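Each chain is listed here by its residues.
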Amino acid sequence: TDVRAIAEKHKISEELAGRNVRYEAFEKYSNGGLIATAHSLSDNIETVLFYFARGTSLHGMGGIPPVRGRIIRPLIMCTSAEIRQYCRDMSLPYVTDSTNSDNDMTRNLIRNEILPLFSEINPSFEKSAGGSIENLRIAGDYADKLACDLIKRAEIKDGYDAAVMKDADISVLSRAFSMLISEKFGISPQKKHIDALCSLCGNPFSYQI
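The rules behind the values
- Residues numbered from 1 in each chain as written.
- Predicted model: local features only at pLDDT ≥ 70, side-chain atom pairs only at ≥ 80, totals over all residues.
- Heavy atoms only, no water.
- Axes fitted to C-alpha atoms, helices over the stretch in contact; angles between N-to-C directions.
- Helix = DSSP H or I, 4+ residues; strand = E, 2+ residues; numbered from the N terminus.
- Left-handed = near helix turned anticlockwise from the far one by under 90°.
- Contact = heavy atoms within 4.5 Å.
- Nonpolar A, V, L, I, M, F, W, Y, C, P; charged D, E, K, R; others polar.
- Polar contact = N/O pair within 3.5 Å; in protein donor to acceptor, adjacent residues only side chain to side chain.
- Core = buried A, V, L, I, M, F, W, Y, C linked by side-chain atoms within 4.5 Å.
- Buried < 20%, exposed > 50% of the residue type's maximum accessible area, 1.4 Å probe, protein only.
- Pairing = 2+ DSSP bridges.
- Phe/Tyr/Trp six-rings, centres within 6.5 Å; stacked < 30°, edge-to-face > 60°.
- Lys NZ or Arg CZ within 6 Å of the ring centre and 35° of its normal.

**Re the packing of helix α9 (residues 170-185) against helix α10 (residues 191-200)**
Packed helix pairs are characterised by how far apart their axes lie and by the angle those axes make with each other. Relative orientation of the contacting elements α9 and α10 amounts to 115°, with a least axis distance of 10 Å. As for how α9 packs across α10, the hand of that crossing is right-handed. Listed contacts from α10 to Ile 170, Leu 173, Ser 174, Phe 177, Ser 178 and Ile 181 of α9 are Ile 194, Leu 197 and Cys 198. Its residues assigned to classes, the contact of α9 with α10 shows 7 nonpolar, 2 polar and no charged.

**Considering helix α1 (residues 3-10)**
Between the side-chain oxygen at the start of α1 and the backbone nitrogen of Arg 4 there is a gap of 3.3 Å, and the oxygen is on Asp 2. Following α1 by one or two positions, Lys 11 adopts a phi angle in the positive range, close to 55°.

**Observations concerning the nonpolar core**
Generally speaking, a soluble globular protein has its nonpolar side chains buried in company with each other. If you look at the biggest cluster of nonpolar residues, it comprises 17 residues, and the most contacted ones within it are Leu 150, Met 165, Leu 173, Phe 177 and Cys 198. Those elements giving two or more residues to this core turn out to be α7 (125-154), α9 and α10. Sequence-distant contacts of Leu 150, that is, excluding residues within four places in its chain, are made with Val 164, Met 165, Ala 168, Val 172, Leu 173 and Ala 176. Grouped together as the second largest cluster of nonpolar side chains are 11 residues, Leu 41, Ile 110, Leu 115 and Ile 133 included.

**A look at the side chain of Thr 37**
For Thr 37, the location among the structural elements is in the loop between β1 (35-36) and α3 (41-54). At 2.8 Å, the side chain of Thr 37 and the side chain of His 39 are in polar contact. Among all residues touching Thr 37, those that are not within four sequence positions of it are Tyr 23, Phe 26, Ile 71, Ile 72, Arg 73 and Pro 74.

**Digging into the sheet that holds β1**
Judged by pairing direction, the sheet is mixed, and its 3 strands sit side by side in the order β1-β3-β2 without closing on themselves. The sheet is open, and its two edges are formed by β1 and β2 (67-68), each paired on a single side. Note: β1 against strand β3 (residues 71-72), 2 bridges, orientation parallel. If you follow Ile 35 over to β3, its bridge partner there is Ile 71.

**What to know about the packing of aromatic side chains**
If you walk through the whole model with that rule in mind, you get 3 aromatic pairs. Ring geometry for Tyr 23 versus Phe 26: centroids 5.6 Å apart, planes at 80°, classification edge-to-face. Of the two residues, Tyr 23 and Phe 26 both sit in helix α2 (residues 14-29), 3 residues apart, roughly one turn of that helix. Accessibility expressed as a relative area gives 13% for Tyr 23, which makes it buried. Between the aromatic rings of Phe 118 and Phe 125, the centroid separation amounts to 4.7 Å while the plane-to-plane angle is 15°, which identifies the pairing as stacked. Residue Phe 118 is classed as partly exposed on the basis of its relative accessible area, which comes to 32%. Residue placement shows Arg 68 over the ring face of Tyr 23; its charged tip is 5.9 Å from the ring centre. In this structure, Arg 107 packs its charged tip against the face of Phe 50, placed 5.4 Å from the ring centre.

Geometric descriptors of this kind do not, in isolation, establish any biological role.
Pasting the structure below:
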């Protein structure tokens, strides 16, 4: 598969194009079974820092979920260093991607330059960050539940009852609008769009979660 050509065609990064190709292959050959990926705690922290640098929601700060549909991530609480050490202890061969040293890729820059700085401040940074990410993921999941409940209560024949939406807590309302836009239009809304919708409901002091 020509990942570079796919990236150019869809105007996305080669990294994202490669990810999409991998998951399409997983779906194709899994025969409806579980799909286990090798994402580590280190990968999760890199993802959260990447999202944080670009601006993200509480949902984004929850990082990579341990389970999403048929995809499971059994190593998500193990650091990359721990996994490599286990392989060495058990004489298990492993391959290091030759592109990992290319700091022109944002994730590599985070991995090679930024994460070591955090570890200088706190040698246990990865484990500490893992706990924080887990707490944020749990909070995000609860916010999603409340938002889904709001959407169900507000749903009417041709749309949603603004009066019901208006009375909701602003954090839940913001998340509900974010979910609706993502579901209906397949895009991630910007904060200004969420703010506009909240204002239309008569609840102007919005922040997206």
